[in-house]
Amino acid sequence: MKALGIILAGGNNKRLKELSRRRAIAAMPVAGSFRAIDFVLSNMSHSGIGTVAVITQYSSRSLNEHLNSSKWWDFGRKQGGMYLLNPTITPESNDWYRGTADAIAQNLDFLYKRHEPYVVIAPGDGIYKMDYNDVMDFHSAHDADITVVCKDMPANTDVSRFGVVRTDESGRITDWEEKPIATDYRTISTGIYVIRRRLLISLMEQCVEMDWTDFVRDVIMRQKNVKNIMAYRMNSYWTNISTIPAYYAANMDFLKPEVRRHFFYDDPQVQTKVDDYAPAKYNPGANVTNSLIANGVILNGEVDSSIIFRKAYVGNGCRIHNSILFADSYISDNVVLENCIVESGVNIPEGAEYRGIPDNIRIIAE
Amino acid sequence: MVKKKMIAMLLAGGQGSRLGVLTADMAKPAVSFGGKYRIIDFPLSNCVNSGVDTVGVLTQYRPLQLNAHIGIGIPWDLDKRVGGVSILPPYEKTGDTGFYSGTANAIYQNLEFIERYNPDYVLILSGDHIYKMDYEEMLAYHQRMGADVTLASMPVPWEEASRFGVVITDEDKRITAFQEKPKEPKSNLASMGIYIFNWKLLHDALVTLKDVPGCDFGKHVIPYCFEQNKKLYTYEFTGYWKDVGTLSSYWQANMELVDLVPEFNLYEEFWKIYTETNTMTPEYMAPTAKAERAIICGGSEIFGTVSHSVIGSNVQIGEGSVIEDSIIMEGVRIGKNVRMKKAIVADNTVIGDGTVIGEGEYAPSHLDTRVYNSELATIAANSRIPGGVSIGLNTAISGATEESDYPNGRLEDGGYIIKAGEKA
């Protein structure tokens, strides 16, 4: 076992509006049958990582429910396995996690006890497939202290919600702007890091001593002139879901054949908690095109270019276009939905019409 | 000492030869049903939902698919420290090669397994029926009546009674006589092949009858219990129960699932049916797709038209294809512009572009009229059908077929192609 994993899944994000009221971002539903955290958990499992710590804090109930058994990702092991690190009151600390570095620093005990040489740190809301062994190989080949997985974004992308990096020709990170309002650079950090466990421990001990709390601000940015911090560029699909437009676009990406092939059919496949719902049922009147339909869904109306999560119900005479229906949503007869996201468990009364526009997706949360 | 009140023994070793080529590669309990399920999921889920947490599954005929499906029982929460699911294949012993010669003989050969759990009652189940039943309720009935043996039965139409073992009872539901497939039935209460025995009695019966060739519950054990003047009762069941032992009953039971409100409802939260699946993805309906009166499972990609059909997991249906009144099982790949009506296509079969299946007129089967006697075209698992051929009614295909297997591009009504060896 070369590495252990730390998944940062404690965050809230106000830019997901009503959708994050009930759940951590890592628990956001994605692509009809997954939760965001399934992607990183599957990546870790498929990379041969046998021990994973999931750091949770904000609205963790729904996430904990999803992680009720570690066996879905093959982490149900006698040796290692999955650890949920919730904030806890100790004689030394009665703080919540005050930042990403603080969350790791408060769990230094966990790092002391392990024996893996490397740590892979990753957020719980990235949608991508990756073999972290490639990053670790790159890390040792470049004699790096910290390797940051980066992505070159297409021109004209708004990168103001990311960390933006500048590298020299060797790939070493020379400058880092965190969420810049404007910048000329297009290379962003995906928030995935590889670091030796012993170095992480000493950096975290320093954070405790100095009362530093944020991994980017207080570790990466402070250390960048002293430590060899390398950028590993990933070329395959990657997105995150931290805003409504990004969340909506990430889901709609799964209607593209190449994205489906990458995630659904190419080995290794993304794993998730198994539900036990009957297959989707298409009743007379159903007319479903260019859509993803999950288990347990019952369809009686028209659905186009939409993502329907498990156990949703679509009544007679409905017209659902360019929308996302969360699990257990109930759409009564003759409802029209365009460019909407319907929160789970919401019951839309007969004949209701809700229309968003592509640039302003409408959220129906109650 | 470990003690379980009741453990279940599930008989899953039979071939189910009347399902024809569907059971060429797998035992009948492993045949898929309702898209994502396999027949054995129903009794296994019933066990778990009834609080029976120790199940021995007796396998014999082609067990690979069944073993792979059951594994260590995770989907049914039967991966337990004490109890859970155990697969019980026949085994070699001193002076005996050991295949199971009959239903009761199979249990006899596993007496040691039952003894490990020291049960008061043993529930005997078969792996070939579709139903939801609370065995706990049946046990409560068994105890209330002070029965030695309780046998589940259900009323069937009188004209069908001669296909079953029927029980004749007094007004207290105590069984007074038993007829096995009678020409002139005296009752329409058909035995469902579900028994609860007091363990001591079952043990004595199996040991006493151990040398009976082909020892069978209906033929030997039940008559023995009668002779011993034991108290046999029947537990009358009135819910949905389907025998899927023939191709047409199998097809019919699948098709009932697509009814607007199916009699057998899989969409209720209560009494879920569990199954093993590696498919976690949703299905994709393409811009050219059309599906009505159908159930479609995860991972499938539909570009054609599906009407009144059951489509399994990870199925691909190409553009321009029209699938009607058919059952398509897991992993089947159907090319473009295929026309299909009243077909059963088993797991992982590949069908080429432009092929037509199920057009013609009924003709008696040249292969086996006992098995193939409906309009259905039946295609075995892992078969290959080339593009551009036409396949008639009441036909059977197994194996990787080539264009040269179809004279003039046609498999006539009632015809068959059975090829051993190479698979698709």
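Cut-offs used in this document
Residues numbered from 1 in each chain as written. Chains lettered and ligands numbered in written order. Predicted model: local features only at pLDDT ≥ 70, side-chain atom pairs only at ≥ 80, totals over all residues. Heavy atoms only, no water. Domains from an automatic or database assignment. Contact = heavy atoms within 4.5 Å. Buried area = accessible area lost by both parts, 1.4 Å probe. Salt bridge = Lys/Arg side-chain N within 4 Å of Asp/Glu carboxyl O. Polar contact = N/O pair within 3.5 Å; in protein donor to acceptor, adjacent residues only side chain to side chain. Helix = DSSP H or I, 4+ residues; strand = E, 2+ residues; numbered from the N terminus. Nonpolar A, V, L, I, M, F, W, Y, C, P; charged D, E, K, R; others polar. Pairing = 2+ DSSP bridges. Buried < 20%, exposed > 50% of the residue type's maximum accessible area, 1.4 Å probe, protein only.

Moving on, we come to the domain arrangement of chain A. Residues and elements named next belong to chain A. The assigned domain composition of chain A is domain 1 (3-265) and domain 2 (281-364). The distance between the C-alpha centroids of domain 1 and domain 2 comes to 32 Å. Taken residue by residue, the interface counts 21 residues in domain 1 and 20 residues in domain 2. Interface area, domain 1 with domain 2, both sides summed: about 1,600 Å², of which 69% is carbon and sulfur. Per-residue buried area on domain 1 facing domain 2 is highest for Gly32, Tyr248 and Leu255; these three make up 35% of the total on that side. Connecting domain 1 to domain 2 are two salt bridges. With a shortest N-O distance of 2.7 Å, Glu343 and Arg23 are connected by a salt bridge. Inspection of the region where domain 1 meets domain 2 yields three residue pairs in polar contact (both at pLDDT 80 or more). Among the secondary structure elements, those contributing two or more residues to the side of domain 1 that touches domain 2 are strand 2 (29-30), strand 3 (34-35), helix 8 (244-253) and helix 9 (257-265). Take the side of domain 1 that touches domain 2: its biggest share by element is five residues, from helix 8. By residue class, the composition of the side of domain 1 that touches domain 2 is 13 nonpolar, three polar and five charged.

Walk down a regular strand and you will see the side chains alternate between the two sheet faces. Residue and element names in this part refer to chain A. As paired strands, strand 9 (residues 163-167) and strand 10 (residues 173-178) are joined by five bridges and run antiparallel to one another. Bridge pairing in strand 10 links Gly163 to Glu178. Where strand 9 folds back onto strand 10 in an antiparallel hairpin, the turn is made up of five residues, including Gly171, whose phi is positive at roughly 100°.

Counted under the stated rule, the structure contains 43 salt bridges over all chains. A salt bridge links Lys311(A) to Asp328(A); its shortest N-O distance comes to 3.7 Å. Within this pair, whereas Lys311(A) is found in the loop between strand 19 (307-308) and strand 20 (313-314), its partner Asp328(A) is found in the loop between strand 22 (324-325) and strand 23 (330-331), the two being separated by 17 residues in sequence. Exposure remark for Asp328(A): the relative accessible area of 34% places this residue in the partly exposed category. For Arg339(B), the salt bridge goes to Glu359(B), with nearest N and O atoms at 2.9 Å. Of the two residues, Arg339(B) sits in strand 22 (residues 339-341) while Glu359(B) sits in the loop between strand 25 (356-357) and strand 26 (377-379), which places them 20 residues apart along the sequence. Glu359(B) gets classed as partly exposed once you look at its relative accessible area, which sits at 34%.

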